[in-house]
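Here's the letter readout for the chains.
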Amino acid sequence: MLLSFLSVALLVPFIDGAKVGDDFRQALQQNRSLTWIDYSGTAMRPSLDSSRIASTINKGITPNQLKTQLLGFTQHLNRWCLYDPSGNDTMPPGLIASRWLTSTLQDIASTRPDLKITIEARNHSLDWDPFWIQETVILRIPSSSPDSPRTILGAHIDTWRDDVETVWDNQFARAEGADDNASGSTNILIALRELLKAQHGKWTPKTPLEFHWYSCEEYGILGSELVSREYVENGIAVKGMLQFDMSLYTKPGVAPEMAVVTDYTSPTLNDYIIQLIDEYVDIPYTTTPLEGGLSDHYSWNDKGYPASFVFEALDENANHNTHSGADVLAVEGNTFEQSLEWTKLAVAFAYEMTAA
């Protein structure tokens, strides 16, 4: 999770000439030739499905499944999104990680050829900046109503350490990023896999469904910014976007609860998320502003799209080992039993939002 725009601003001087710093943010502030559209009225959420298929799906998911999948993300040296090629011919870990994810998703999608699933690995080094090497990965499941507003589940794949000497040292530093954000990336990946298996492999969304794994969230929410701008430019309507960023940790001795974030989010969609938590999740919720903290939901909310974010805990009970080499799976307070509840929410959101 990006701590604040201030933390990004402090890093910009280290990036010699890279658009990923000042130029990008200035372009956003100027809203270059974009017309911002209020899409909040397109959030046509259905009433909850009485068949409770999402509950049936959730019963088959185990904490061990999450652990196995999360280790796939943390196996890489790091998942840093930028790359300084000078004097180094090896493929950067961030690109290795995003290509591993693309390959994993291709295997999952191959189990349902009837759905005509597409996977896009967005090469930002071509469409924006040569230093931005990690790819944003988008999986899209079309429906019989292709022009209907889309439902989006998002997470960021990249890692970040602020305890290194310069920004470029992230390229070589070990960053497991177990909680931030292998956990959220795992939540939506497992939800996708289980949905495709549902109803004996016959489940089909009635409206378009997408799963996004963004690059460069930690360096300014950049991947989701480019994608959401593209949706605005092309007039694409979104029914709702739900961000998954950190779900693994609660301060030891504190009962887990889902923190529904109230700033830079849609109050209407938040109310619906609370309904889903009440119906499908086995821990309670609370509501809170996420002061000084942002994630990819911000990019979508900023453009009028209905977006929500459910954080792992109130700030005082959340993981403060992030953005360092200490964000590892072995941290006391990390439990897959807790993270499982976010996977249940991901299944419920994807299923219910596309059920009508």
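Since this is a predicted model, take the numbers as computed values, not measurements.

About the cut-offs
- Residues numbered from 1 in each chain as written.
- Predicted model: local features only at pLDDT ≥ 70, side-chain atom pairs only at ≥ 80, totals over all residues.
- Heavy atoms only, no water.
- Pairing = 2+ DSSP bridges.
- Helix = DSSP H or I, 4+ residues; strand = E, 2+ residues; numbered from the N terminus.
- Axes fitted to C-alpha atoms, helices over the stretch in contact; angles between N-to-C directions.
- Contact = heavy atoms within 4.5 Å.
- Disulfide = S-S within 2.5 Å.
- Buried < 20%, exposed > 50% of the residue type's maximum accessible area, 1.4 Å probe, protein only.
- Core = buried A, V, L, I, M, F, W, Y, C linked by side-chain atoms within 4.5 Å.

(A) Inspection of the sheet that holds strand β4 (residues 209-214) at higher detail. Spatial strand order, β1-β2-β4-β3-β5-β8-β6-β7: eight strands in an open sheet with mixed pairing. Of all strands in the sheet, those with a lone pairing partner are β1 (118-122) and β7 (285-288), marking the two edges. Each strand of the sheet is rotated relative to its neighbour by a mean of 20°, with strand direction disregarded. For strand β6 (residues 258-261) and β7, the ladder comprises four bridges, and the chain directions are parallel. Along β7, the bridge assignment pairs Ala259 with Thr286. Packed on one face of the sheet, helix α9 (residues 267-280) meets β5 (238-243), β6, β7 and β8 (307-311) and runs near 45° to β8.

(B) Focus on the state of the cysteines. The tally for this structure, following the rule as stated, stands at one disulfide. What pairs with Cys81 in a disulfide is Cys216, and their sulfur atoms sit 2.1 Å apart. Between Cys81 and Cys216 the sulfur-sulfur dihedral comes to about 60°; the bridge is accordingly right-handed. Of the two residues, Cys81 sits in the loop between α4 (63-74) and α5 (93-109) while Cys216 sits in the loop between β4 and α8 (222-233), which places them 135 residues apart along the sequence. Residue Cys216 is classed as buried on the basis of its relative accessible area, which comes to 0%.

(C) Layout of unusual backbone geometry. The peptide bond linking Asp180 to Asn181 adopts the cis configuration, its omega dihedral lying at 5°. The residue Asn181 is located in helix α7 (residues 178-201) in this model. Even without a glycine there, the phi angle at His200 is positive, about 60°. Considering the arrangement of structural elements, one finds His200 in helix α7. Backbone geometry places Met246, a non-glycine residue, at a positive phi of 80°. One can find Met246 in the loop between β5 and β6. When its relative accessible area of 2% is taken as the criterion, Met246 is described as buried.

(D) Representation of the nonpolar core in the model. By size, the foremost hydrophobic cluster in this structure holds 62 residues, and its most contacted members are Ile141, Phe211 and Trp213. It is helix α11 (residues 336-353) that contributes the most residues to this core, 11 residues altogether. Leave out the neighbours within four places in its chain, and Ile141 touches Leu115, Ile117, Leu192, Leu196, Trp203, Pro205, Pro208, Leu209 and Phe211.

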